[in-house]
Each structure stands twice: as structure tokens, then as C-alpha cells.
Amino acid sequence: PINLREEDDLDRWRLAAEITGMVESTSVDWSARVGVFGKWGEGKTTVLRFIEHLLEKQGSVVFWFNPWANQTFNDLLADFGETLLRVLTDAKLAVEPTIKGLTRQVGRKLRDTSVGAVSEGLAGAFGKEKLLQGSIALIANWLKIDGPQVEELRSQLKDRRIVVLIDDLDRCVPELLPKLLMSLRELLDIPGFTFVLAFDDEIVGDALVSMNPAWAEGARFLDKI
């Protein structure tokens, strides 16, 4: 992968600029998800790096998240929460103390069984009982779409966005893929957040079907996300 436009012999910068324009043209009150599909070695990471450069230049808060290093969904959500906390702190955006204890509480049973605004679809995917413990419920409570934390974050960001770049999704443990993708549409459907995911859609599509043959076509699942 390359970082400089001067090294871009394959004109990946143009694609990155188009995606950046797409992100910036959406309302800051929306949550957007963009897929960058391509085979290994076709320049997906380069495109993400260019997008990062362009969006940071426009004032967006941009950070990378690599889900493939996690083996369980609780670990994945805890990793995301910890990364988000660090990024918000570095950007000097106020963070409620409740999320600061996130990683320390993973695996503990919650006393409060409320899971906030998590939809029934997500509850059905993970099992309601599992939603009541670990990092997924903690993040759900903190990132309520209409909650005070998100409202405060939006007021501080103003016209800026938080953009999460997710690379190498096709290297993720197959069991985590449907849960992660559904979370982007349900749990992490947060105003002002944009997720740009780079992966081989054929590999991910096949993995999705292998986890649940009822989906028939992985590509259709991806379209819905």
C-alpha cells in the first residue's frame, strides 16, 4: 500500500476522491456504510489510506479498526469501544466516564438488564441473554442513538464526522462476520458515524452463506447492510 498521491501509478486516488465525496455529501445526521470491494493486491488499503488523508484534511475524525485480530464477538466489541474511546480522547472530545470502564467490565454480568435501543433483529441474531452481558450491552447503552452521550458528541462535532476505516474484513473469523455486519446496521447506526469497509466481497459472501445457508446469496446480505 502507498500513502502519497505522487506514487499512485494506478490512479487509485480518483476512486478515493469519489468515495470521500460520497461520504461528505451525506447528512451529518445520518450513519453511512460504504463497501470497497476488490481482490487481494488490487489496492484496497491504498484507497483507504487516501480516503483517510482526504477526510482528515476536511476535519473529520478518522480512525482504523481491524476486526480480524479478534476471536469472539465480545472481544471485538470491547476492542472497538477501547479504540473509539482513545480516538475521542485524542481528538479532545468529551467522553462520559461510563464508557471508560468498558474494557474492565467485559465478561461481567450487567446488573441493569436494559440494552437500550438495540433492535429486535440484533437481539435475534445474538440471543437476548447474551445481549445482557459483556461489552455488547455496555456499548449499546452508551451509544444509544437518541441518548445524551451521542447528542453531546454530535454537538461537539458540529459539521464533522467520525469515519471508521475497516480493512481486511475478509480475514475475519467467519463466525463473526454476520454479527459484525449486522451491528453496523443496528447497534452502530449512529448519527455522524461513517464506516468504510474494504474486503473481497466474494470471500465474505461465501463465508456468510456457509454460516447460514438460508441467506442463499451473500451478495444480497451485503446489499442490505
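Our subject is the structure that appears above.
Because the structure is a prediction, the values reported are computed rather than measured.

Rules used throughout
Residues numbered from 1 in each chain as written. Predicted model: local features only at pLDDT ≥ 70, side-chain atom pairs only at ≥ 80, totals over all residues. Heavy atoms only, no water. Helix = DSSP H or I, 4+ residues; strand = E, 2+ residues; numbered from the N terminus. Core = buried A, V, L, I, M, F, W, Y, C linked by side-chain atoms within 4.5 Å. Buried < 20%, exposed > 50% of the residue type's maximum accessible area, 1.4 Å probe, protein only. Contact = heavy atoms within 4.5 Å. Phe/Tyr/Trp six-rings, centres within 6.5 Å; stacked < 30°, edge-to-face > 60°. Lys NZ or Arg CZ within 6 Å of the ring centre and 35° of its normal. Pairing = 2+ DSSP bridges. Axes fitted to C-alpha atoms, helices over the stretch in contact; angles between N-to-C directions.

Q: Give a description of the environment of Asp11 that names residues and reports values.
A: Within the secondary structure, Asp11 sits in the segment before helix H1 (12-25). As a C-alpha pair, Asp11 and Val47 span 36 residues in sequence and 9.7 Å in three-dimensional space.

Q: Report on the nonpolar core, specifying residues and quantitative values.
A: One recurring pattern in soluble globular proteins is that nonpolar side chains are buried together. Grouped together as the largest cluster of nonpolar side chains are 38 residues, with contacts concentrated most on Phe63, Phe80, Ile162, Leu169, Leu181, Phe195 and Leu197. Of all elements in the fold, only strand S2 (61-65), helix H3 (73-90), helix H9 (148-157), strand S3 (162-166), helix H10 (177-185), strand S4 (193-199), helix H11 (201-211) and helix H12 (218-224) reach the threshold of two or more residues within this core. Among the elements that take part in this core, H3 stands out by supplying 7 residues, more than any other. With near-sequence residues (within four places) excluded, Phe195 lies in contact with Ala32, Arg33, Val34, Phe80, Val164, Ile166, Leu184 and Leu188.

Q: So what about the packing of aromatic side chains? Which residues, and what values?
A: Evaluation of the coordinates by the stated rule reveals 6 aromatic pairs. For the ring pair Phe37 and Phe199, a centre distance of 5.0 Å and an interplane angle of 55° mean the geometry is tilted. Here Phe37 is found in strand S1 (residues 32-37), whereas its partner Phe199 is found in strand S4, with 162 residues between them in sequence. Overall, Phe37 belongs to the partly exposed group, its relative accessible area being 45%. The class of Phe199 is buried, set by a relative accessible area of 3%. Relative to Phe80, the ring of Phe65 has its centre 5.4 Å away and its plane inclined at 85°; by these criteria the two rings are edge-to-face. Placement of Phe65 in strand S2 and of Phe80 in helix H3 is noted, with a sequence separation of 15 residues between them. Across the pair, Phe80 and Phe65 agree in class, each one buried. One aromatic cluster is present, built from ring pairs that chain together Phe63, Phe65, Phe80, Phe193 and Phe195. For the cation-ring pair, Arg171 lies above Trp68, with the distance from its terminal atom to the ring centre recorded as 3.9 Å.

Q: Can you tell me about the sheet that holds S1, naming the residues and giving the values?
A: Sheet architecture is open: 4 strands sit in the order S1-S4-S3-S2, paired in parallel fashion. Here the strands that pair on one side only, and so sit at the sheet edges, are S1 and S2. This sheet shows a mean twist of 20° between the axes of neighbouring strands, independent of strand direction. Examined bridge by bridge, S1 and S4 share 6 bridges and lie parallel to one another. Residue pairing across strands places Gly35 opposite Leu197, the latter belonging to S4. Each of S2, S3 and S4 is contacted by H3, which is oriented at about 150° to S2, the strand it contacts most.

From the geometry alone we can't say anything about function, so treat these as descriptive.
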